[in-house]
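Chains, contacts and geometry: an overview
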Amino acid sequence: MTRPLMEYLLHILILIGIYVILASSLNLIAGYTGILSIAHAAFYGIGAYVAALMALRLETSFLVNVFCAIALSGILGAVVGIPSLRIRDDYFVIATFAFQVITFSVLNNWVSFTSGPMGLPGIPQPVIFGWVVSSHWDYLVLVFCFAALTWWIVRRIALSPFGRVLQAIREDEVFALATGKNVALYKVLVFIIGAGLAAIAGSLYAVYISFIDPTSFTVMESIFIISIVIIGGAGSLWGPVVGAVVLVTLPELLRFVGLPSAFAANVRQILYGGLLVAFMMWRPRGFLGEYSFQSGEVRE
Amino acid sequence: MSAAFLQIKGLEKRFDGVKALAGFSCSVGEGEILGLIGPNGAGKTTLFNVISGFLAADRGKALYRGKDLIGMSPHRIANSGVARTFQNLRLIRQLSILDNVLLSFRNQPGERLGNVFFRWKKCIQSEEENRQKAFSLLKETGLAEKANGPAEDLSYGQQKLLSLVCCLAAEADLLLLDEPVAGIAPEAIEKILEIIRRLPSQGKSVILIEHNLDAVMEVCDRVVFMDAGAKVSEGTPEEVRNDPKVIEAYIG
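Residues numbered from 1 in each chain as written. Chains lettered and ligands numbered in written order. Predicted model: local features only at pLDDT ≥ 70, side-chain atom pairs only at ≥ 80, totals over all residues.

Among the nonpolar cores identified, the biggest contains 164 residues, and Leu22, Ala51 and Ala52 of chain A together with Val101, Val165 and Leu208 of chain B are the most heavily contacted of them. When residues in this core are grouped by element, the largest group, 18 residues, is from helix α9 (residues 183-209) of chain A. Three or more residues apiece are contributed to this core by two domains, here domain 1 (1-81 + 173-252) and domain 2 (89-171) of chain B. Those residues in contact with Ala52 of chain A that lie beyond four places of it in its chain are Leu120, Ile123, Ala206 and Ile212 of chain A. (Core = buried A, V, L, I, M, F, W, Y, C linked by C-beta atoms within 7 Å. Buried ≥ 20, exposed ≤ 12 C-beta atoms within 10 Å, placed from the backbone. Helix = DSSP H or I, 4+ residues; strand = E, 2+ residues; numbered from the N terminus. Domains from an automatic or database assignment. Contact = placed C-beta atoms within 7 Å.)

Before going further, it helps to examine the pairing of strand β3 (residues 33-37) of chain B. Consecutive side chains of a regular strand alternate in pointing toward one face of the sheet and then the other. All names here are of chain B. Along β3, five of the five residues are buried, which leaves the element largely enclosed by surrounding structure. Sheet analysis places β3 next to strand β8 (residues 205-209), joined by four bridges and oriented parallel. If you follow Ile33 over to β8, its bridge partner there is Val206. Summarising the sheet, β3 and strand β9 (residues 222-227) pair through four bridges and their orientation is parallel. Counterpart to Gly35 in the pairing with β9 is Val223. (Pairing = 2+ DSSP bridges.)

What follows covers the sheet that holds β8 of chain B. Residue and element names in this part refer to chain B. As summarised here, the arrangement of the six strands in space is β6-β7-β8-β3-β9-β10, forming an open sheet in which the pairing is mixed. At either margin of the open sheet sits one strand with a lone partner, and together these are β6 (82-84) and β10 (230-235). Within the sheet, the average angular offset between the axes of one strand and its neighbour, ignoring direction, is 20 degrees. Pairing of strand β7 (residues 174-178) with β8, which is carried by five bridges, proceeds in the parallel orientation. (Axes fitted to C-alpha atoms, helices over the stretch in contact; angles between N-to-C directions.)

All names here are of chain B. When cut into domains, chain B gives domain 1 (1-81 + 173-252) and domain 2 (89-171). The gap between the C-alpha centroids of domain 1 and domain 2 is 26 Å. Contact residues are listed per partner, giving ten residues for domain 1 and eight residues for domain 2. If you tally residues by element for the side of domain 1 that touches domain 2, the top one is helix α7 (residues 186-198), at four residues.

On to the interface of chain A and chain B. Facing 21 residues of chain A, the contacting portion of chain B comprises 26 residues. When contributions to the side of chain A that touches chain B are tallied by element, the ones reaching two or more residues are α6 (136-158), α7 (161-171), α8 (173-178) and α9 of chain A. Looking at which element gives the most residues to the side of chain A that touches chain B, the answer is α7 of chain A, with seven residues. Broken down by class, the residue content of the side of chain A that touches chain B amounts to eleven nonpolar, five polar and five charged. (Nonpolar A, V, L, I, M, F, W, Y, C, P; charged D, E, K, R; others polar.)

Now the structure itself:
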């Protein structure tokens with residue numbers, strides 16, 4: 001196998017790993033707890049910018065940066081999660097959308113701090129206890145470890161009594177309250193965890209690509225992450241993994257059909273849209289899902 | 001009557017000018033089964049919603065063991081030992097029968113995030129204990145065979161039975177049962193009444209809303225008849241049944 005081809009395949013696997021982290025963490029919020037959020041790319045972006053800015057300006061080590069990214073994103077996760085206690089369903093989606101737009105605007109317009117649309121180039125390679133992460137293989141190992149950790153965290157939560165309460169909240173909040181569960185606390189905690197985990201993906205993306213700009217963290221990206229969760233299967237542990245594999249590799253296949261590149265980008269959008277509509281119509285639970293985003297009356 | 005276990009004093013609740021509760025007062029003793037009857041719209045379910053914290057009262061008190069429940073959030077009321085069922089049956093139909101019961105246990109270590117990650121052994125251990133308790137409850141009520149199937153596979157009567165089992169799992173001392181036997185088959189009614197009848201011997205008190213008067217007469221120690229948000233009559237089942245005001249309200 002030629003070297004460029006090998007690196008291309010590793011690149012795809014690294015991206016899959018990053019999206020497994022994003023989709024698994026969103027799955028905790030949307031799939032298990034049933035709170036649809038389109039702010040996930042905002043937390044992803046916050047993670048990326050914290051890790052990038054700290055590496056560039058403070059020259060702190062990668063793990064410290066990841067930790068700070070998780071912390072800041074988690075705090076903002078609580079800020080977004082708290083309104084979910086008062087506004088319900090569709091209206092809450094709008095609230096998360098607002099947060100998404102605000103985050104993008106800050107990243108894009110606070111030029112003195114984030115360099116705005118010019119982005120942040122030259123993000124240094126991470127060094128972890130003396131291990132310099134430089135080759136594609138190194139990055140794959142790094143991303144795989146974090147993806148496995150994230151998946152394990154989501155699994156541990158999902159299979160615990162805590163996760164059972166989350167599912168109860170998703171299906172019937174009143175019943176959860178009547179059985180003495182502090183629904184508000186659970187929702188905020190889930191938002192903190194989900195946002196914190198998304199920040200890990202952002203940190204990894206920043207150091208891997210070594211350049212970030214705000215266009216990677218738009219609402220379109222949020223919707224892409226939601227698509228992975230829905231198509232893979234909301235409320236299942238392997239769903240986000242399957243979804244990430246399918247949605248990351250599928251558009252890559254378009255490259256080999258020989259479409260002109262300007263055209264291929266548009267086809268990609270059409271493909272995502274078409275897939276989402278098709279799944280909603282014929283398989284709302286996704287490949288492996290337990291839960292479909294439908295009203296109770298419609299659900300089988 | 002034993003010392004007041006639950007004392008409801010002058011509860012008022014208005015909905016757009018309609019008085020759902022108009023200064024309702026009554027009390028329930030420890031180990032007592034109180035029947036609550038009255039026509040539709042009398043405010044019976046509103047009373048439950050207020051006591052269990054799902055609706056805010058405009059005025060009045062509900063003292064449970066001397067502590068006012070009014071103003072407390074539903075989950076805190078539930079955790080202080082007040083369990084309820086719902087008229088329109090609330091269960092998590094997608095989860096298994098066993099999970100519904102497991103969900104109902106209070107203060108589970110595994111429901112704390114810190115324990116989930118740092119004291120997993122403790123979580124597993126308490127989960128195992130709860131699982132055994134849940135199974136023995138389900139066995140007693142004849143639901144054990146389907147325990148791992150989804151709750152939605154149960155018949156209507158069995159679902160009512162399951163929500164009663166959930167209250168038992170909560171180890172509540174006060175059970176608010178909203179029409180536990182309405183609309184179900186006679187054998188199932190007998191089974192549910194049998195469970196309710198045994199509650200006082202375990203030190204539990206019950207308020208029972210029910211339209212099935214035979215059932216009320218059978219299990220209740222005392223009956224309150226309410227209409228238009230207020231108490232109209234109170235006494236033993238016999239007394240209330242023969243009260244002219246009650247007869248008038250039901251027939252006239």
